[in-house]
Amino acid sequence: MSELNINCKLKITLEKATFLHDADMFGKQDPFVKITCSGITYKTKVIEEGGKNPVWNETFEMTKIMEEVNKGEKLHIRCFDSDGPIDDHIG
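Residues numbered from 1 in each chain as written. Predicted model: local features only at pLDDT ≥ 70, side-chain atom pairs only at ≥ 80, totals over all residues. Heavy atoms only, no water.

Asker: I'd love a proper account of the sheet that holds strand β3 (residues 40-43), names of residues and values included.
Answerer: One open sheet holds the four strands; their spatial order is β3-β2-β5-β6, and the pairing between them is antiparallel. Every other strand in the sheet has two partners, leaving β3 and β6 (88-89) as the edge strands with one partner each. Across four bridges, strand β2 (residues 31-37) lies against β3 in antiparallel orientation. For lysine 34, the partnering residue across the bridge sits in β3 and is lysine 43. (Pairing = 2+ DSSP bridges. Helix = DSSP H or I, 4+ residues; strand = E, 2+ residues; numbered from the N terminus.)

Listed below in structure tokens is the structure:
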């Protein structure tokens, strides 16, 4: 297997999501996504009243990603419902 360029970048495009249920009892959930790797976090915009089918169409570019992979770091992608001071994990 050939070695990857240490200067390579990872480009992530978050298009949309489909949730099985809405986390809010009243109204619709306000979803957003956090992408985390090695202590660096990228966050999408909050889709106000996005409900079960939010659309983001946002792209993030992570540089020096091979350095993190070589250290054994993992990429985490998590969805949340924006609810004031405490965000609810929804996926």
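Asker: Quick rundown of the nonpolar core? Include the residues and the values.
Answerer: Membership of the largest hydrophobic core comes to 13 residues, with the highest contact counts inside it found for Ile12, Leu14, Val33, Ile35, Trp56 and Met62. Mapped by element, the contributors of at least two residues to this core are β1 (10-16), β2 and β4 (55-62). Valine 33 has contacts with Leu14, Tyr42, Lys43, Thr44, Trp56, Ile77, Arg78 and Cys79, leaving out every residue within four places of it along the chain. (Core = buried A, V, L, I, M, F, W, Y, C linked by side-chain atoms within 4.5 Å. Buried < 20%, exposed > 50% of the residue type's maximum accessible area, 1.4 Å probe, protein only. Contact = heavy atoms within 4.5 Å.)

Asker: So what's going on with the environment of glutamate 49? Which residues, and what values?
Answerer: Within the fold, glutamate 49 resides in the loop between β3 and β4. Filtering out sequence-adjacent residues up to four positions away, glutamate 49 remains in contact with Gly27, Lys28, Gln29 and Asp30. Looking at glutamate 49, its side chain comes within polar contact range of the main-chain nitrogen of lysine 28, at 3.2 Å. (Polar contact = N/O pair within 3.5 Å; in protein donor to acceptor, adjacent residues only side chain to side chain.)

Asker: Could you give me a rundown of the pattern of salt bridges, with the residues and numbers involved?
Answerer: One pass over the full model with this rule turns up two salt bridges. Lysine 9 serves as the salt-bridge partner of glutamate 61, at 3.6 Å between the closest nitrogen and oxygen. Of this pair, glutamate 61 sits in strand β4 while lysine 9 sits in the segment before β1, and the two are 52 residues apart along the sequence. Here glutamate 58 and lysine 45 are joined by a salt bridge, their closest N and O atoms 4.0 Å apart. One end of the pair, glutamate 58, is in strand β4; the other, lysine 45, is in the loop between β3 and β4, and 13 residues separate them in sequence. (Salt bridge = Lys/Arg side-chain N within 4 Å of Asp/Glu carboxyl O.)

Asker: Explain the packing of aromatic side chains to me, and be specific about the residues and the numbers.
Answerer: All chains considered together, the criterion is met by two aromatic pairs. Pairing phenylalanine 32 with phenylalanine 80 gives two aromatic rings, centres 5.6 Å apart and planes at 20 degrees, and the pair type is stacked. With a gap of 48 residues between them, phenylalanine 32 in strand β2 and phenylalanine 80 in strand β5 (residues 76-81) connect regions that are remote in the sequence. No difference in accessibility class separates phenylalanine 32 from phenylalanine 80, as the two residues are buried. A cation over an aromatic ring shows up here: lysine 34 above the ring of phenylalanine 80, its NZ or CZ 5.2 Å from the ring centre. (Phe/Tyr/Trp six-rings, centres within 6.5 Å; stacked < 30°, edge-to-face > 60°. Lys NZ or Arg CZ within 6 Å of the ring centre and 35° of its normal.)

Asker: So what's going on with a nonpolar patch on the surface? Which residues, and what values?
Answerer: Together, Leu10, Leu75 and Ile77 line one region of the surface with nonpolar side chains, adding up to about 230 Å² of accessible area. Tracing the chain through its elements places leucine 75 in the loop between α1 (65-70) and β5. Judged by its relative accessible area of 36%, leucine 75 falls in the partly exposed class. (Patch = residues over 30% accessible without salt bridge, like charges linked within 9 Å, V, L, I, M, F, W, Y side chains within 5 Å. Areas by Shrake-Rupley, 256 points an atom, 1.4 Å probe, with all protein chains shown as cover.)

Any functional reading would require information that these geometric values do not contain.
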